[in-house]
Amino acid sequence: EPEVTQTPSHQVTQMGQEVILRCVPISNHLYFYWYRQILGQKVEFLVSFYNNEISEKSEIFDDQFSVERPDGSNFTLKIRSTKLEDSAMYFCASSENYEQYFGPGTRLTVT
Amino acid sequence: QKEVEQNSGPLSVPEGAIASLNCTYSDRVSQSFFWYRQYSGKSPELIMSIYSNGDKEDGRFTAQLNKASQYVSLLIRDSQPSDSATYLCAASGMGSGSRLTFGEGTQLTVNP
């Protein structure tokens, strides 16, 4: 069964550094998303992406964040200058239409 | 602000019992509703989707939607210890590709 994959599974970085989180969505899906979950809190929407552009973003997704689909399979989330409060699980998801399927997540730890 | 509210839990049921999980939403624009299961340290796993009023059954799971009351529920029949997880209710608006708004989740423990 097709799955969303994410790399790395765990990323440790120092405050102020740039990180890139990578995702490979399910191959026939057209919509891609990033969510995050701070430990003990609810899953929060960051951004959605369709037809090579951002279709919606939340107030969390500020100028420090960017997304890209650099080729036909990868979908990336870049955080330009990480802050301590960016420490969270970051989930990529994809959908053909309504049902979103999540990847295993990347645990980002900012020290 | 679009909100999805769930029973704070935790909910504990004996093995074989029916577990009932509830969710309300505030945004009447919400059209699609989902239940995800999340094991500790893992990602959300889609278990049910429901789009129209009424019941939808899939194996041991039944989702119920009442748009007039803005209420969604999930029933798990013949609960098993492997069902022990946090159950997340999520809502999205009209159209493919809409964001999901999640509730806080209800932690379910099924006791052998």
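Residue positions are counted from 1 within each chain, in the order its sequence is given. Chain labels run from A onward and ligand labels from 1 onward, assigned in the order the entries are written. Residue-level local features of this predicted model are given only where pLDDT is at least 70; pairs of side-chain atoms are given and counted only at 80 or more, and the full residue set underlies all totals for whole chains, interfaces and linings. Excluded from the side-chain calculation are hydrogens and water; included are all heavy atoms of the structure.

Caption draft 1: Broad picture of the overall build of chain A. Each helix and strand counted, chain A has 0 helices and 11 strands in total. Going along the chain from the N terminus, every DSSP run of H or I of four or more residues is numbered as a helix, and every run of E of two or more is numbered as a strand. What you see in chain A, going N to C, is helices and strands ordered as β-β-β-β-β-β-β-β-β-β-β. Against the compact-globule benchmark of 13 Å for 111 residues, chain A has a radius of gyration of 13 Å, which places it among compact chains. Projected onto its principal axes, the C-alpha positions of chain A cover 35 × 25 × 25 Å. Looking at chain A as a whole, 43% of its 111 residues qualify as buried. By the counting scheme adopted, Arg and Lys are positive, Glu and Asp are negative, and His together with the chain ends is not counted. Charge positions come from single atoms, namely NZ of Lys, CZ of Arg, CG of Asp or CD of Glu. Across chain A, the centroid of the 9 positively charged side chains sits 6 Å from that of the 15 negatively charged ones. Using C-alpha atoms as the atom set, the radius of gyration is obtained and then compared with a globule rule of 2.2 Å times the number of residues to the power 0.38. Note on exposure labels: buried denotes an accessible area under 20% of the residue type's maximum, exposed denotes more than 50%, and partly exposed covers the range between, all computed with a 1.4 Å probe on protein chains only.

Caption draft 2: Up close: the sheet that holds strand β3 (residues 19-25) of chain B. Residues and elements named next belong to chain B. Criterion used throughout: strands pair if DSSP finds at least two bridges between them. With antiparallel pairing, 5 strands are arranged side by side in an open sheet as β1-β3-β8-β7-β6. Single-partner strands in this sheet number two, and they are β1 (4-6) and β6 (54-58). Averaged over all neighbouring strand pairs, the angle between strand axes comes to 20 degrees, with direction disregarded. Every axis corresponds to a line fitted to the C-alpha atoms, with the helix fit spanning only the stretch in contact, and the corresponding angles, defined between N-to-C directions, vary from 0 to 180 degrees.

Caption draft 3: Highlighting the packing of aromatic side chains. Here the aromatic set is Phe, Tyr and Trp, taking the six-membered ring for Trp, and pairing holds for ring centres within 6.5 Å; pairs whose planes are under 30 degrees apart are stacked, those over 60 apart are edge-to-face, and all others are tilted. In total, this model carries 16 aromatic pairs over all chains according to the counting rule given. A ring pair is formed by Tyr-25 of chain B and Phe-33 of chain B, whose centres lie 4.5 Å apart and whose planes are at 40 degrees; its orientation type is tilted. A relative accessible area of 6% means that Tyr-25 of chain B is categorised as buried. Members of the aromatic cluster, each reached through a chain of ring pairs, are Tyr-33, Tyr-35, Phe-45, Phe-91 and Phe-102 of chain A together with Tyr-36 and Phe-102 of chain B. Our definition puts a charge over a ring when NZ of Lys or CZ of Arg is within 6 Å of the ring centre and also within 35 degrees of the ring normal. The ring of Phe-61 of chain B has Arg-60 of chain B lying over it, and the distance from NZ or CZ to the ring centre is 5.6 Å.

Caption draft 4: Quick look at the state of the cysteines. Residues and elements named next belong to chain A. Note on terminology: disulfide denotes any pair of cysteine sulfur atoms within 2.5 Å. This model, assessed by the stated rule, comprises 2 disulfides over all chains. Shown here is the disulfide that connects Cys-23 with Cys-92, its sulfur atoms set 1.9 Å apart. On the sign convention where negative means left-handed, the S-S torsion of about -60 degrees between Cys-23 and Cys-92 marks this disulfide as left-handed. Residue Cys-23 is found in strand β3 (residues 19-24), and its partner Cys-92 is found in strand β9 (residues 88-95); the two are separated by 69 residues along the sequence. A single burial state applies to Cys-23 and to Cys-92, both of which are buried.

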